[in-house]
Amino acid sequence: MDRGLCRLVGSKLCVYTDTSFSDGRGISLFTTPELAEHALALPPFQNPDALKGINKASGTWYTQEIPGKGMGMLAKRDLQSKDRITAHTPALLAYLESDLSTTEREKFFKLAVSQLPEETREMYLGLATVYGLPQVKYQDVVKANTFQLDIDGHNHLAVFPETSRMNHACAPNAQYYLDPTLLTHFVHVTRPVKEGEEITISYTSPLDPTHIRQQRLSQGFHFTCTCTRCIDHERTDTVLQHIQAMQNSLNDWSPSSTGSPDVAEELLDAYRQEGLEGFMDIPYGFAALAYNAANDEGMAAEYAERAEELILLKDGAWAPNLRIWQELLRDPRGHWSYGRRMG
Ligand SMILES: C[S@@+](CC[C@H](N)C(=O)[O-])C[C@H]1O[C@@H](n2cnc3c(N)ncnc32)[C@H](O)[C@@H]1O
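Thresholds applied
- Residues numbered from 1 in each chain as written.
- Predicted model: local features only at pLDDT ≥ 70, side-chain atom pairs only at ≥ 80, totals over all residues.
- Heavy atoms only, no water.
- Salt bridge = Lys/Arg side-chain N within 4 Å of Asp/Glu carboxyl O.
- Buried < 20%, exposed > 50% of the residue type's maximum accessible area, 1.4 Å probe, protein only.
- Near = heavy atom within 4 Å.
- Polar contact = N/O pair within 3.5 Å; in protein donor to acceptor, adjacent residues only side chain to side chain.
- Areas by Shrake-Rupley, 256 points an atom, 1.4 Å probe, with all protein chains shown as cover.
- 1 Å grid on protein atoms, 1.4 Å probe; cavity = no way out; pocket = protein on both sides within 12 Å on 5 of 7 lines; lining within 4 Å.
- Sits in = over half its atoms within 2 Å of the grid points.
- Helix = DSSP H or I, 4+ residues; strand = E, 2+ residues; numbered from the N terminus.
- Nonpolar A, V, L, I, M, F, W, Y, C, P; charged D, E, K, R; others polar.
- UniProt positions renumbered as here; feature names shortened; annotations may be inferred.
- Pairing = 2+ DSSP bridges.
- Core = buried A, V, L, I, M, F, W, Y, C linked by side-chain atoms within 4.5 Å.
- Contact = heavy atoms within 4.5 Å.
- Axes fitted to C-alpha atoms, helices over the stretch in contact; angles between N-to-C directions.
- Domains from an automatic or database assignment.
- Points joined across faces, edges and corners; volume = space filled by probe spheres on them.

Novice: Can you help me understand the pattern of salt bridges in this one?
Specialist: When their charged atoms lie close together, side chains carrying opposite charge are able to pair. Applying the stated criterion across every chain, the model contains 18 salt bridges. In this structure, Asp232 and Arg235 form a salt bridge, with 3.3 Å as the shortest nitrogen-oxygen distance. Judged by its relative accessible area of 37%, Asp232 is partly exposed. Its relative accessible area of 35% is what places Arg235 among the partly exposed residues. Glu302 serves as the salt-bridge partner of Arg306, at 2.9 Å between the closest nitrogen and oxygen.

Novice: Before we go on, may I ask you to explain the site of the ligand in this structure?
Specialist: The ligand sits among 15 residues. The nearest are Lys69, Met71, Arg165, Asn167 and His168. Interatomic distance of 2.6 Å between a backbone N/O atom of Lys69 and a nitrogen atom of the ligand. For the ligand, whose accessible area on its own is 560 Å², the fraction buried by protein is 89%. Because more than half of its atoms lie within 2 Å of the grid, the ligand is assigned to the largest pocket. Those elements that provide at least two residues to the shell around the ligand are strand E5 (70–75), helix H6 (137–145) and strand E10 (167–168). A per-class count over the shell around the ligand returns seven nonpolar, six polar and two charged.

Novice: Sorry, what's going on with the UniProt feature "domain: SET" (unreviewed entry) in the chain here?
Specialist: The UniProt feature table records "domain: SET" (unreviewed entry) at residues 59–204. Within residues 59–204, the helical portion is 21% and the strand portion 34%, while the C-alpha atoms at the span's ends are 27 Å from each other.

Novice: What should I look at first to understand the pairing of strand E8 (residues 146–151) in this one?
Specialist: On a regular strand, one side chain projects to one face of the sheet and the next to the other, so that they alternate. Judged by which residues are buried, E8 turns out to be one-sided: Phe147, Leu149 and Ile151 face inward and are buried, whereas Thr146, Gln148 and Asp150, on the alternate face, are not. Where E8 lies against strand E9 (residues 154–159), six bridges are found, and the strand directions are antiparallel. If you follow Gln148 over to E9, its bridge partner there is Leu157. Hairpin connection from E8 to E9: two residues lie between these consecutive antiparallel strands, with Asp152 at a positive phi of about 50°.

Novice: Help me understand the nonpolar core in this model?
Specialist: If you look at the biggest cluster of nonpolar residues, it comprises 59 residues, and the most contacted ones within it are Phe30, Phe45, Ile85, Leu93, Tyr124 and Ile199. Among the elements that take part in this core, helix H4 (residues 102–114) stands out by supplying five residues, more than any other. Residues within four places of Ile85 in sequence aside, it is in contact with Ser58, Thr60, Trp61, Met73, Leu79, Met166, Val187, His188, Val189 and Ile199. Trp253, Val263, Tyr284 and Leu289 belong to the second-largest nonpolar core, a separate cluster that totals 33 residues.

Novice: What am I meant to see in the sheet that holds strand E12 (residues 184–189) here?
Specialist: Pairing between sheet strands relies on hydrogen bonds along the backbone, with the strands arranged either parallel or antiparallel. Pairing within the open sheet is antiparallel, and its three strands lie in the order E6-E12-E11. The two strands at the open ends of the sheet, each matched to only one other strand, are strand E6 (84–88) and strand E11 (174–179). Each strand of the sheet is rotated relative to its neighbour by a mean of 15°, with strand direction disregarded. Sheet strands touched by helix H12 (residues 297–314): E11 and E12. Its angle to E11, the strand with the most contacts, is close to 65°.

Novice: Looking at this structure, how should I read the domain arrangement of the chain?
Specialist: A common way to express how large an interface is: the accessible area buried when the components associate. Domain boundaries in the chain define domain 1 (3–54 + 86–168 + 175–186) and domain 2 (232–334). A separation of 36 Å is found between the C-alpha centroids of domain 1 and domain 2. Taken together, the contact between domain 1 and domain 2 spans six residues of the former and eight residues of the latter. Counting the contacts that link domain 1 with domain 2 gives zero salt bridges. Taken together, the connections running from domain 1 to domain 2 amount to one residue pair in polar contact (both at pLDDT 80 or more). Classifying every residue of the side of domain 1 that touches domain 2 by side-chain character gives four nonpolar, one polar and one charged.

Novice: For this particular structure, what's the right way to read the layout of surface pockets?
Specialist: Space left empty within the atom packing is revealed by a probe, the size of a water molecule, rolled over the atoms. One number sums up the size of the largest pocket: a volume of about 580 Å³. Forming the boundary of the largest pocket are 26 residues, of which Lys69, Gly70, Asn167, Tyr203 and Phe223 lie nearest the centre. Sorting the residues of the lining of the largest pocket by element identifies E5, H6 and E10 as the ones contributing at least two each. When its residues are assigned to classes, the lining of the largest pocket shows 12 nonpolar, 11 polar and three charged. Quantified by volume, the second largest pocket comes out at close to 390 Å³. What lines the second largest pocket is a set of 18 residues, among which Gln139, Val142, Lys143, Thr146 and Leu157 lie closest to the centre. Put simply, the parts of the chain that give the lining of the second largest pocket at least two residues each are H4, H6, E8 and helix H7 (210–221). Here the lining of the second largest pocket gets four residues from one element, more than from any other, and that element is H6. When the residues that make up the lining of the second largest pocket are grouped by side-chain class, the tally is nine nonpolar, five polar and four charged.

Novice: Can you help me understand unusual backbone geometry in this one?
Specialist: Peptide bonds are trans in most cases, and residues, glycine excluded, mostly fall at negative phi. One non-glycine residue, Leu183, adopts positive backbone phi at about 50°. Here Leu183 lies in the loop between E11 and E12. One non-glycine residue, His222, lies in positive phi territory at about 60°. Residue position: His222 is located in the loop between H7 and helix H8 (228–231).

Laid out in structure tokens, this is it:
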């Protein structure tokens, strides 16, 4: 970290740039001195091997103009579920504040980006914007491409230039998570993808009703989604209501509950038919419990394993809900759900 590049912002926030970070990719942080110190103590700054395999070309994708969507990311070859697509650190990490004026914030974002190595800076400046106004270009890139990354319990806006080329779909074929210890954004495919097919993630919950998804995409990213789930919104919303009803029934542990392995299998089918493979930790979990409640510990373990696998792709290895399925897998018969619906 080149302390010579530190500039004080008021009394609270600083711009820090490390041009040698990750073999010269570089990284800029706009944050408090304390949080910058915390980030500096993380493995990517301390151990040269921590980012092994990260920020490397995976050979799985290329970018291309997609009609009506700007640039997009496409599969370079056929991909299997769980294949890794990208793993990258951010070019810019900025403390999520609302105290600065737009003009002040722009000045510091510009400083942070201009201090990056040329290749990384050019990638940042080539990214999509929402408003297209040159006077707020640096914030505009953040607006169109931001993810949130936690540093010591504080939300930071993070721009990952390569990953930013992934467009949104309400039935995405990829899922992402952020690793706050490695400061890395990981993306994996969640169903088979054909060579030349677009790789997509969801910018909003695909389980929300269509008008809510549309509202979030339009307010957050200024586009109208034209995927089949949005076009066919009446059918989609009816399926979503049915999904909710099945989940309510599986979640009901009273003696009159209609939850059963059959309902769980129907729920799994509904997720698959909607193209929601990347969100199936929920129905896999319900299926694990429903089978265990029917004394079928074999099927319960199979679904608990699938729930675990998907949580790893969707939330990462530290996700608190991983423990729920690990607990069931350790001892299905000793689990609270075992035999619970056997009367
Ligand atoms: C993170 S960028 C994705 C890559 C972008 N298309 C590009 O050219 O770099 C987000 C922007 O892409 C566009 N976009 C993403 N998904 C879209 C979709 N499903 N339909 C239309 N535009 C989309 C919107 O303009 C959005 O603000």
